[in-house]
Amino acid sequence: MSHVTMNQPVKMTSLQYSSILVCFLMNMLDGMDVMVISYAAPAITKAWSIGAEALGLVFSSGLVGMSVGALMIAPYADKFGRKKMMIISALLMGLTIFITSFAESVNQLIFFRFINGLGIGCMLASTAALTSEYAPANTKDFWVSFALSGYPIGAVLSGIVAAKIIPTYGWHSIFQLAGCCTLASVPVVYFFLAESLEFYLKSQPLGSLEKANDLLVKMGREPISTLPEKPQVHQKVPIKLLLSQEFRISTFQLWIALFLSFATLYFLTSWIPKLASTAGLSIELAIYAGTVFNLGAFVGIITQGYFSSKYGLKKTIGTILLLTAILMAIFKVFVGTDWILLVFGLLGFGIQGGFVGLYAVSARIYPTEFRTTGVGWSIGIGRLGGIIGPAVGGVLIGLGLSMSTNFLIFAIPTALAGLMTWYLSTDKVS
């Protein structure tokens, strides 16, 4: 019965739908927790009279935490289970984002954002891996993209709320609200999220047979009498498996593509509200600029998932990233026109739609036994680019470069990420 996996193109059940929806919800909270600092940035800058360089360090500290969480904490999900790690991540995220509201200095902001990032990085890797394992093979790319599309939805909704409450109640209020919402999700994960069937069949922790059969019955399938033979892959260190002869080339290509696209993505998500504010928009309209960007991101992720299922991940993602690079390079044409908000939406459509597709690539490349490790390391390496992007942006903005010049500079890594994805060397991804 070792063939019993979620990779079979069978009809989905309510258990699968509910688990994927919970993953979507947790990614919504991820998007909210990541973006609140960007939405609060104009108000914090005004209240504390801090420069762009210091704010860049605050943005990057959260991304450092996300990298460490994805690299060092997420792999434990392969040993202890996706569900447990998601509960731990939600608790860590909720507590730290709430405490951030009491920060009184830049150094405290940097510290709290780092700790919060640990939970976010682990959460993203776990949701991508679990969704991949519960989605049927013929629609896997779509469902992984769908679950991850919760991220920009959370960013959009929190942006709408932030635009209303920050001018009235101050920047502290959005962190307190985000913390309460994240903590409220813990019982949802506990009661409505199912652990991965593949995790029980292949990792085989204590009580796996009973737990696997419980899941099989809920999905209308026949229970099994014995567990399949346990893979011997766990005798090796997971990171060494990512760099083994079978996976080495595609792993490095994936890491480079994610590194470059993350650098652009987090430059844009971190600085769009601040750049728009500097350009003369009110705090409310500056926040809406970031909100439109993330609304476009949601449409882009869903569109990418659909076209990837029809035409293949590599070609779809590569094309989207290359077109995004072109749009960034000619951004100056739209400055000062009525088209500017639409362009922000198209940038979100392209960069988020493209890079989230790379999560689906990583989930396809690696087997269940070390899938969360593979996804986690891919996200972690990518976030190193995300750390550099906002920091470099802070320096460039501090030098007085315009928004369009910054966009032109960051069009280069975006184009390179598209080319790297197009020529990704692996037989596991079309």
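Figured I'd write up the structure that's included with this text. (Residues numbered from 1 in each chain as written. Predicted model: local features only at pLDDT ≥ 70, side-chain atom pairs only at ≥ 80, totals over all residues. Heavy atoms only, no water.)

Broken down by element type, the chain carries 18 helices and zero strands. In terms of overall dimensions, the chain has C-alpha extents of about 70 × 45 × 35 Å along its principal axes. The burial tally for the chain puts 60% of its 430 residues in the buried class. Taking contacts inside the chain between residues at least 6 apart in sequence as the whole, the part at least 24 apart equals 83%. In the form shown here, the chain has an accessible surface area of approximately 16,500 Å², with 69% of it arising from carbon and sulfur atoms. Each charge class in the chain can be summarised by its mean position, and for the 26 positive and 18 negative side chains these summaries are 3 Å apart. (Helix = DSSP H or I, 4+ residues; strand = E, 2+ residues; numbered from the N terminus. Buried < 20%, exposed > 50% of the residue type's maximum accessible area, 1.4 Å probe, protein only. Contact = heavy atoms within 4.5 Å. Areas by Shrake-Rupley, 256 points an atom, 1.4 Å probe, with all protein chains shown as cover. Lys, Arg positive; Asp, Glu negative; His and termini not counted. Charge placed at Lys NZ, Arg CZ, Asp CG, Glu CD.)

Turning next to the side chain of Ser404. Here Ser404 lies in helix α18 (residues 403–422). Assessed through its relative accessible area of 13%, Ser404 is described here as buried. With residues up to four places along the chain from it excluded, the contact list for Ser404 reads Phe331, Lys332 and Val335.

To characterise two packed helices, one gives the angle between the axes of the helices and the distance between these axes. For the pair helix α2 (residues 52–73) and helix α17 (residues 371–398), the least separation of the axes is 8 Å and the interaxial angle reads 175°. When the axis of α2 is compared with that of α17, the two are roughly antiparallel. Residues belonging to the contact of α2 with α17 are distributed by class as follows: 15 nonpolar, eight polar and two charged. (Axes fitted to C-alpha atoms, helices over the stretch in contact; angles between N-to-C directions. Parallel < 35°, antiparallel > 145°, perpendicular 65-115°, else oblique. Nonpolar A, V, L, I, M, F, W, Y, C, P; charged D, E, K, R; others polar.)

Moving on to the nonpolar core. The biggest cluster of nonpolar side chains holds 124 residues, and the ones touching the most others in it are Leu347 and Phe407. Counting residues per element, this core draws most heavily on helix α1 (residues 14–48), at 15 residues. Met12, Ala135, Phe146 and Ile153 belong to the second largest nonpolar core, which has eight residues in total. (Core = buried A, V, L, I, M, F, W, Y, C linked by side-chain atoms within 4.5 Å.)

Let us look at unusual backbone geometry. For Ser49, which is not glycine, the phi torsion reads 55° and is therefore positive. Judged by its relative accessible area of 64%, Ser49 falls in the exposed class.

What follows is about helix α8 (residues 172–184). For α8, which comprises 13 residues, the first-to-last C-alpha distance of 19 Å matches the rise-based estimate of 18 Å (1.5 Å per residue) to within 8%. Taken together, the buried positions of α8 are occupied by Ser173, Ile174, Phe175, Ala178, Gly179 and Thr182. The inward-facing, buried residues of α8 contact α1, α4 (82–99), α5 (106–134), α7 (150–169) and α9 (186–192). (Expected span 1.5 Å × (residues − 1).)

Once that is clear, we can look at the packing of aromatic side chains. This model, assessed by the stated rule, comprises 21 aromatic pairs. Measuring from ring centre to ring centre gives 5.6 Å for Trp48 and Trp171, while their planes differ by 90°; the resulting arrangement is edge-to-face. Residue Trp48 is located in helix α1, and its partner Trp171 is located in the loop between α7 and α8; the two are separated by 123 residues in the primary sequence. On the basis of an interplanar angle of 5° and a centroid distance of 5.5 Å, the ring pair of Phe262 and Tyr266 is categorised as stacked. (Phe/Tyr/Trp six-rings, centres within 6.5 Å; stacked < 30°, edge-to-face > 60°.)

What follows deals with the environment of Leu396. By secondary structure assignment, the location of Leu396 is in helix α17. Spatially, the C-alpha atom of Leu396 lies 9.2 Å from that of Ala52, the residues being 344 residues apart in sequence. With residues near it in sequence (within four places) discarded, Leu396 still touches Leu401, Asn406, Ile409 and Phe410.

Attention shifts here to the side chain of Ser208. Here Ser208 lies in helix α11 (residues 208–218). Residues contacting Ser208, with those up to four places away along its chain left out, are Tyr200 and Leu227.

Attention shifts here to the environment of Asp214. Mapped onto the fold, Asp214 is located in helix α11. When the C-alpha atoms of Asp214 and Cys23 are compared, they prove to be 21 Å apart, with 191 residues separating the residues in sequence.

Our focus in this paragraph is the pattern of salt bridges. As enumerated under the stated definition, the model contains two salt bridges in all. Note that Glu133 and Arg82 form a salt bridge whose closest N and O atoms lie 2.4 Å from each other. Separated by 51 residues along the polypeptide, Glu133 in helix α5 and Arg82 in helix α4 bring together distant segments of the chain. The exposure class of Arg82 is buried, given its relative accessible area of 0%. Here Asp214 and Lys218 are joined by a salt bridge, their closest N and O atoms 3.4 Å apart. Here the residue Asp214 and the residue Lys218 both occupy positions in helix α11, the gap between them amounting to four residues, near one helical turn. (Salt bridge = Lys/Arg side-chain N within 4 Å of Asp/Glu carboxyl O.)

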